[in-house]
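# Structural description and commentary
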Amino acid sequence: MVCGGFACSKNCLCALNLLYTLVSLLLIGIAAWGIGFGLISSLRVVGVVIAVGIFLFLIALVGLIGAVKHHQVLLFFYMIILLLVFIVQFSVSCACLALNQDQQGQLLEVGWNNTASARNDIQRNLNCCGFRTFNPNETCLASCVKSGHGCSPCAPIIGEYAGEVLRFVGGIGLFFSFTEILGVWLTYRYRNQKDPRANPSAFL
């Protein structure tokens, strides 16, 4: 059967949702790995990553069941949710790619001031203290404090990675946003195709 047929649409939709399932399990696994090896101690960061992974897993599960059973209601809700996710993800990805150096610095400073546990992780892993300046009265877990050597501020070190990370996140987000719009199109076409094994007199 040609690729525009029922079977090909079904197989493509199933493959796409299996990809989403693998990505969701990868996100959950990365969060668990970060906790297990002590790289991440911020419950807020871990909670967000796990929540995104579970949300993506549930969307993929709905799409997979809807594709296998050709379930009209599940496919409709899957298409609507995927379209909303595409709009949000595309906007965030474009914003990540469009941020300049000053905006990146402001965003990093806001995050630094609002996440104490993530701040401790950064200081310990990057061996730096303070964002732009270090107050000796504050607690710093970096090894440079214990050794008695002068500690560098974290802002320049984070700034070196921030641009690369934002470009990476924006690029990955754009890639998956286009797979999501592909999923919306496949779902719309698949919903309006009749199953050749079904009763010919039945409604779509």
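Residues numbered from 1 in each chain as written. Predicted model: local features only at pLDDT ≥ 70, side-chain atom pairs only at ≥ 80, totals over all residues. Heavy atoms only, no water.

This part takes up the overall build of the chain. Each helix and strand in the chain was counted, giving seven helices and zero strands. From first element to last, N terminus to C terminus, the chain shows the α and β order α-α-α-α-α-α-α. Within the chain, the fraction of its 204 residues that count as buried is 32%. Restricting the contact set of the chain to residue pairs at least 6 apart, pairs at least 24 apart contribute 67%. Within the structure as shown, the chain displays about 12,400 Å² of accessible surface, and the carbon and sulfur contribution to it stands at 70%. (Helix = DSSP H or I, 4+ residues; strand = E, 2+ residues; numbered from the N terminus. Buried < 20%, exposed > 50% of the residue type's maximum accessible area, 1.4 Å probe, protein only. Contact = heavy atoms within 4.5 Å. Areas by Shrake-Rupley, 256 points an atom, 1.4 Å probe, with all protein chains shown as cover.)

Moving on to the nonpolar core. Core analysis: the largest hydrophobic core is formed by 18 residues, its most contacted members being L13, Y20, A67, Y78, L82 and Y190. Put simply, the parts of the chain that give this core at least two residues each are α1 (6–36), α2 (43–69), α3 (72–98) and α7 (154–191). With six residues, α1 is the largest single contributor of residues to this core. Apart from residues no more than four positions distant in its own chain, L82 is found in contact with Y20, I59, E180, G183 and V184. (Core = buried A, V, L, I, M, F, W, Y, C linked by side-chain atoms within 4.5 Å.)

Our focus in this paragraph is α3. Taking 1.5 Å of rise per residue, 27 residues should cover 39 Å, and α3 covers 39 Å from first to last C-alpha, within 8% of that figure. Buried within α3 are the following residues: L75, Y78, M79, L82, F86, S93 and C96. (Expected span 1.5 Å × (residues − 1).)

Another aspect to go through is the UniProt feature "transmembrane region" (unreviewed entry) in the chain. UniProt records the feature "transmembrane region" (unreviewed entry) at residues 12–40, 46–68, 75–100 and 168–188, using the numbering of this structure. Annotated as 100% helix and 0% strand, the span residues 46–68 places its first and last C-alpha atoms 33 Å apart. Measuring from the first to the last C-alpha atom of residues 75–100 gives 40 Å, for a span that is 92% helix and 0% strand. (UniProt positions renumbered as here; feature names shortened; annotations may be inferred.)

For the rest of this paragraph, the subject is the state of the cysteines. Evaluation of the coordinates by the stated rule reveals one disulfide. C128 shares a disulfide with C154; S-S distance 2.0 Å. What sets the handedness of the C128 and C154 disulfide is the S-S torsion sign, and at about 105° it is right-handed. Highlighted residues: C128 in the loop between α5 (116–126) and α6 (143–147) and C154 in helix α7, separated in sequence by 26 residues. Classification of C128 by relative accessible area gives buried; the value is 0%. Among the residues examined, C154 registers a relative accessible area of 0% and is labelled buried. (Disulfide = S-S within 2.5 Å.)

Here H70 is to be found in the loop between α2 and α3. Residue H70 is classed as buried on the basis of its relative accessible area of 14%. Engagement of the side chain of H70 in a polar contact is seen with the backbone oxygen of Y190, the distance being 3.0 Å. (Polar contact = N/O pair within 3.5 Å; in protein donor to acceptor, adjacent residues only side chain to side chain.)

Time to look at the environment of T21. Locating T21 in the fold gives a position in helix α1. On the accessibility criterion, T21 (15% relative accessible area) is buried. For the pair T21 and L61, spaced 40 residues apart in the sequence, the C-alpha separation amounts to 7.5 Å. Once residues lying within four places of it in the same chain are set aside, the contact partners of T21 are F57 and A60.

Attention now goes to α7. Given a rise of 1.5 Å per residue, 38 residues ought to cover 56 Å, and the 52 Å separating the end C-alpha atoms of α7 matches this to within 8%. A bend of about 30° at Y161 is the largest found in α7. (Bend = angle between axes of the 7 residues up to and from the residue.)

Right, let's talk about the packing of α3 against α7 for a bit. A pair of packed helices is characterised by two quantities: the angle between their axes and the separation of those axes. Two elements in contact, α3 and α7, have axes whose closest approach is 8 Å; the angle formed by their N-to-C orientations is 155°. As far as their axial angle goes, α7 and α3 are roughly antiparallel. Between α3 and α7 lies a crossing whose hand is left-handed. Considered class by class, the residues forming the contact of α3 with α7 number 21 nonpolar, nine polar and three charged. (Axes fitted to C-alpha atoms, helices over the stretch in contact; angles between N-to-C directions. Parallel < 35°, antiparallel > 145°, perpendicular 65-115°, else oblique. Left-handed = near helix turned anticlockwise from the far one by under 90°. Nonpolar A, V, L, I, M, F, W, Y, C, P; charged D, E, K, R; others polar.)

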